[in-house]
Amino acid sequence: MKVMFYLLSIVVLVGCNENSPGQSAIQKGFKNWYLGDFRCGVYIPPTYDPAKKYPLVIYLHGHSDTTSWDFGWYHEPAAMEDPVILLTPKCPASQAGGWGNSISPDISPMMKRTFEMIDIIKRKYNVDEDRLYIHGTSMGAIGTFGLIQKYPNMFTAGYAVCGWATPQMAPQLSKVPFWIFHGEKDDVVPVEGSRDIYNAVVANGGKQIRYTEFKAVKHDAWNYVVDDKAYRWLLAQKKGGSLLPKPDKIVLITGKLNGSNIGLEWKKPSSTKGLWYYKIFRNNTLIGEQDGDQLTFTDSLASPGTHEYKVSAVNYHFKESDLSDGIQVTKNVIPARGKTSPSDIKMKNYSFLKELTGLASADCTDLMPMLRIAITKATIPAARKIPAPIVV
């Protein structure tokens, strides 16, 4: 009770100690809570009803990035469709170990304090124990992996943005629905850390994992994650909840060559409930994915030849439809433009003279100088002026 009294007595509105130009945008329901000198952002839905259970989401920030007063969680549609209680603990930049990792067997000091705050929230508010979610960015993504490695049965689902994890934790991560994001050119946390753990989970038989890599993106993959789509997927995971049936089979409607690219377009399945994304296959090999609200895909990497394309649909619970019927598209070989050698020109001239005079090729040799003279003396009309292009 002393801890609770101390906590509630010093709850401070974030607007009192933030010096950001965006102070007016601080969301109703968000406050800073303190446990001693440990600060946490806590968001309680303004429409909170004690008789109703609420999901608890934990967000672990990256190094020094402690701002959390204007998350997408506080806005529509997330705030209206399925309101959550959000805990955003703050780790000082000087704190060694941050949120921990998936190699150390122990949780970090800051995570120990975070668990204390989780317990306080659970005592004060009606938290749905079957809907405890976690996600993090950079250092927070590394910590997210670390917590699941140590407590694989605690969290309902999670996602990590530009983090890394040891492949040895694949058995634990295989138990938790999980989505990994990373930038291809990340120069702070190498992308191999995400690729390796994803491949390890798949090799371990994991069926509840997705990996999204952003081409040419560096250490800012969070700017490319669409929050609403990530939130909807996360909140669709429920322990003990009924699973969606697998989506209906897709019908491809077009597959055609557009310049050097091959374009595909398909129809939505008859039922789109919980539709998450599409998988695109070329010659039975997965070549890409497309979000569930997109019905087209461009293949710019196909080699010349005839290719067969198929598409499947995946819902929020990782249930995948049967593959569509295949459609074949042919990409023609474009012959390279080679340089014409002098001997080729000579032979063409011989052929022209032979056709013109009826002489054998050997006899045409003596006529070649006269041909050159005739061309030299020919009157060439003045070149027509072409207007310069208009640059817009």
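Residues numbered from 1 in each chain as written. Predicted model: local features only at pLDDT ≥ 70, side-chain atom pairs only at ≥ 80, totals over all residues. Heavy atoms only, no water.

Enquirer: Could you give an account of the side chain of H317, with specific residues and numbers?
Expert: Tracing the sequence through the fold places H317 in the loop between β14 (305-315) and β15 (327-331). Taking relative accessible area as the criterion, H317 reaches 13% and is therefore assigned buried. In terms of polar contacts, H317 uses its side chain to reach the backbone carbonyl oxygen of A236, at 2.9 Å. Excluding residues within four positions of it along the chain, H317 makes contact with A236, Q237, S242, L243 and L244. (Helix = DSSP H or I, 4+ residues; strand = E, 2+ residues; numbered from the N terminus. Buried < 20%, exposed > 50% of the residue type's maximum accessible area, 1.4 Å probe, protein only. Polar contact = N/O pair within 3.5 Å; in protein donor to acceptor, adjacent residues only side chain to side chain. Contact = heavy atoms within 4.5 Å.)

Enquirer: An account of the nonpolar core is requested, with residue identities and associated values reported.
Expert: L87, I121, F145 and L173 are the most contacted members of the largest nonpolar core, which has 46 residues in total. Counting residues per element, this core draws most heavily on helix α3 (residues 109-124), at seven residues. Those residues in contact with F145 that lie beyond four places of it in its chain are S102, A160, G163, W164, A165, M169, L173, F178, I180 and I197. Ranked by size, the runner-up nonpolar core spans 31 residues in total, among them C162, W179, V225 and Y231. (Core = buried A, V, L, I, M, F, W, Y, C linked by side-chain atoms within 4.5 Å.)

Enquirer: Hey, could you go over the sheet that holds strand β8 (residues 209-214) for me, with residue numbers and the actual values?
Expert: Read across the open sheet, the eight strands follow the order β1-β2-β4-β3-β5-β6-β7-β8; overall the sheet is mixed. Where the open sheet ends on each side, the last strands, each with one partner, are β1 (30-35) and β8. Taken pair by pair, the neighbouring strands of this sheet meet at an average axis angle of 20°, ignoring direction. Where strand β3 (residues 54-60) and strand β4 (residues 85-89) come together, three bridges link them in parallel fashion. Paired with L56 across the two strands is I85, which belongs to β4. Packing of α3 onto the sheet brings it into contact with β1, β2 (38-43), β3, β4 and β5 (127-137), and relative to β1 it is tilted by some 120°. (Pairing = 2+ DSSP bridges. Axes fitted to C-alpha atoms, helices over the stretch in contact; angles between N-to-C directions.)

Enquirer: Can you lay out the pairing of strand β9 (residues 251-258) for me, pointing to particular residues and giving the numbers?
Expert: Side-chain positions along a regular strand alternate between the two faces of the sheet. Relative to strand β10 (residues 261-267), β9 runs antiparallel, the two sharing seven bridges. By the bridge assignment, K256 is partnered in β10 with G263. Counted between consecutive antiparallel strands, the loop separating β9 from β10 contains two residues, among which G259 sits at a positive phi close to 70°.

Enquirer: Can you lay out the packing of aromatic side chains for me, pointing to particular residues and giving the numbers?
Expert: Inspection of the entire model under this criterion finds 19 aromatic pairs. Taken together, a centroid distance of 6.3 Å and an interplanar angle of 90° make the contact between W233 and F318 edge-to-face. Taken together, the residues W233 in helix α7 (residues 227-235) and F318 in the loop between β14 and β15 connect sequence positions 85 residues apart. Take W233: its relative accessible area is 0%, and that puts it in the buried class. Overall, F318 belongs to the buried group, its relative accessible area being 14%. In this structure, R210 is placed above the aromatic ring of Y277, and the distance from its NZ or CZ to the ring centre is 3.7 Å. (Phe/Tyr/Trp six-rings, centres within 6.5 Å; stacked < 30°, edge-to-face > 60°. Lys NZ or Arg CZ within 6 Å of the ring centre and 35° of its normal.)

So far we have only geometry, and geometry alone does not tell us how the molecule works.
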